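Report on the structure
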Amino acid sequence: DMGGVLRLPSVWKVLDGYVVWLFQTGHIGGQRMRLLVAWMAESGMAPDWMRTLAWETFDLLTAGLEANQRLTAAFAFFFATKTKAELFDWSMTRGVMLAPVQTLQDVADDVQLASRGAWRSLPTGSEPGNIRVPGPPVRMSAAGWEPHGPVPRLGEHNRAVYGELLGIDEGQFPALGITGIVEEGT
């Protein structure tokens, strides 16, 4: 009993974070595996047994736990030597299912999001200047969806959310504020 279906991890540690890579075999997956193993071989990181595998017909479940562990170790070692950008750029030109795991800073600095106008600049309402916030998740040519008004202050809408939506009584707010459950705004 293999304790369920054997599979390789889908999230891999790299030099500057993590990537998601999906191990696939079969007709299309096998072709992609050959490309990855060739890249590993160029770096001296593909063991002989990996270079000779028939990826199109390889079945991880029937190959067993030892094969799973050997593959996991080989891919983990290789990915750990690359950056998110190196792996993503390589995968995009070859149709390999791989993508970087984005941090909040990565999302904020993303060139594609910026070029597509994903951010809006709104007044803070209480402080001078503006703050960058996400724009609408969907944009349609015949309908506008833009933020209205300044960015809410911390706790500004608590009474509406906790009171109207969750039914918390007005008299409970002081106790919730003391315990730190609810952060009261100014």
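Notes on the structure in this doc start here. All figures in this text were calculated on a predicted structure; none of them were measured in a lab.

**Brief notes about the nonpolar core**
Counting residues in hydrophobic clusters, the biggest one holds 27 residues, and the most contacted among them are W21, F23, L36, W55, L71, F75 and F79. Looking at this core, the elements that each hand over two or more residues are β1 (11–14), β2 (17–21), α1 (26–42), α4 (65–79) and α5 (84–92). Setting aside anything within four residues of it in sequence, one finds F75 in contact with L8, W12, W21, F23, M33, L36, M40, M50 and W55.

**Overview of the pattern of salt bridges**
Under the criterion given, the structure shown has 4 salt bridges. The partner of R34 in a salt bridge is E56, and the shortest N-O contact between them spans 2.7 Å. Of this pair, R34 sits in helix α1 while E56 sits in the loop between α2 (48–51) and α3 (60–63), placing them 22 residues apart in sequence. Look at E56 and you get partly exposed, because its relative accessible area is 29%. Close ionic contact of R70 with E66 constitutes a salt bridge, the shortest N to O distance being 4.0 Å.

**Topic: the packing of α1 against α4**
Relative orientation of the contacting elements α1 and α4 amounts to 60°, with a least axis distance of 11 Å. Viewed along their axes, α1 and α4 adopt a mutual orientation that is oblique. Of the two elements, α1 crosses α4, and the hand of that crossing is left-handed. Contact residues: α1 offers M33, L36, W39 and M40, while α4 offers A74, F75, F78 and F79.

**Remarks on the packing of aromatic side chains**
Per the stated rule, a full pass over the model turns up 14 aromatic pairs. On the basis of an interplanar angle of 80° and a centroid distance of 5.1 Å, the ring pair of W39 and F78 is categorised as edge-to-face. Within this pair, whereas W39 is found in helix α1, its partner F78 is found in helix α4, the two being separated by 39 residues in sequence. Here W39 and F78 have matching classes, each one buried. Among the aromatic residues, those joined into a cluster by ring pairs are W12, W21, F23, W39, W55, F58, F75, F78, F79 and W90. Just above the ring of Y18 sits the side chain of K13; from NZ or CZ to the centre is 5.2 Å. The side chain of R132 reaches across the aromatic face of W119, ending 4.5 Å from its centre.

**Concerning α1**
For α1, built from 17 residues, the straight-helix expectation of 24 Å at 1.5 Å per residue is met to within 8% by its first-to-last C-alpha distance of 23 Å. Those residues of α1 that sit buried are G29, G30, M33, L36, V37, W39 and M40. Structurally, α1 contributes buried residues whose contacts are with β2, α2, α4 and α5.

**Observations regarding the pairing of strand β5 (residues 130–134)**
Bridge count between strand β4 (residues 119–123) and β5: 5 bridges; the pairing is antiparallel. Bridging from a neighbouring strand, P123 pairs with N130 of β5. Count of turn residues in the β4/β5 antiparallel hairpin: 6 residues, of which G125 carries a positive phi of about 90°.

Conventions used here
- Residues numbered from 1 in each chain as written.
- Predicted model: local features only at pLDDT ≥ 70, side-chain atom pairs only at ≥ 80, totals over all residues.
- Heavy atoms only, no water.
- Core = buried A, V, L, I, M, F, W, Y, C linked by side-chain atoms within 4.5 Å.
- Buried < 20%, exposed > 50% of the residue type's maximum accessible area, 1.4 Å probe, protein only.
- Helix = DSSP H or I, 4+ residues; strand = E, 2+ residues; numbered from the N terminus.
- Contact = heavy atoms within 4.5 Å.
- Salt bridge = Lys/Arg side-chain N within 4 Å of Asp/Glu carboxyl O.
- Axes fitted to C-alpha atoms, helices over the stretch in contact; angles between N-to-C directions.
- Parallel < 35°, antiparallel > 145°, perpendicular 65-115°, else oblique.
- Left-handed = near helix turned anticlockwise from the far one by under 90°.
- Phe/Tyr/Trp six-rings, centres within 6.5 Å; stacked < 30°, edge-to-face > 60°.
- Lys NZ or Arg CZ within 6 Å of the ring centre and 35° of its normal.
- Expected span 1.5 Å × (residues − 1).
- Pairing = 2+ DSSP bridges.

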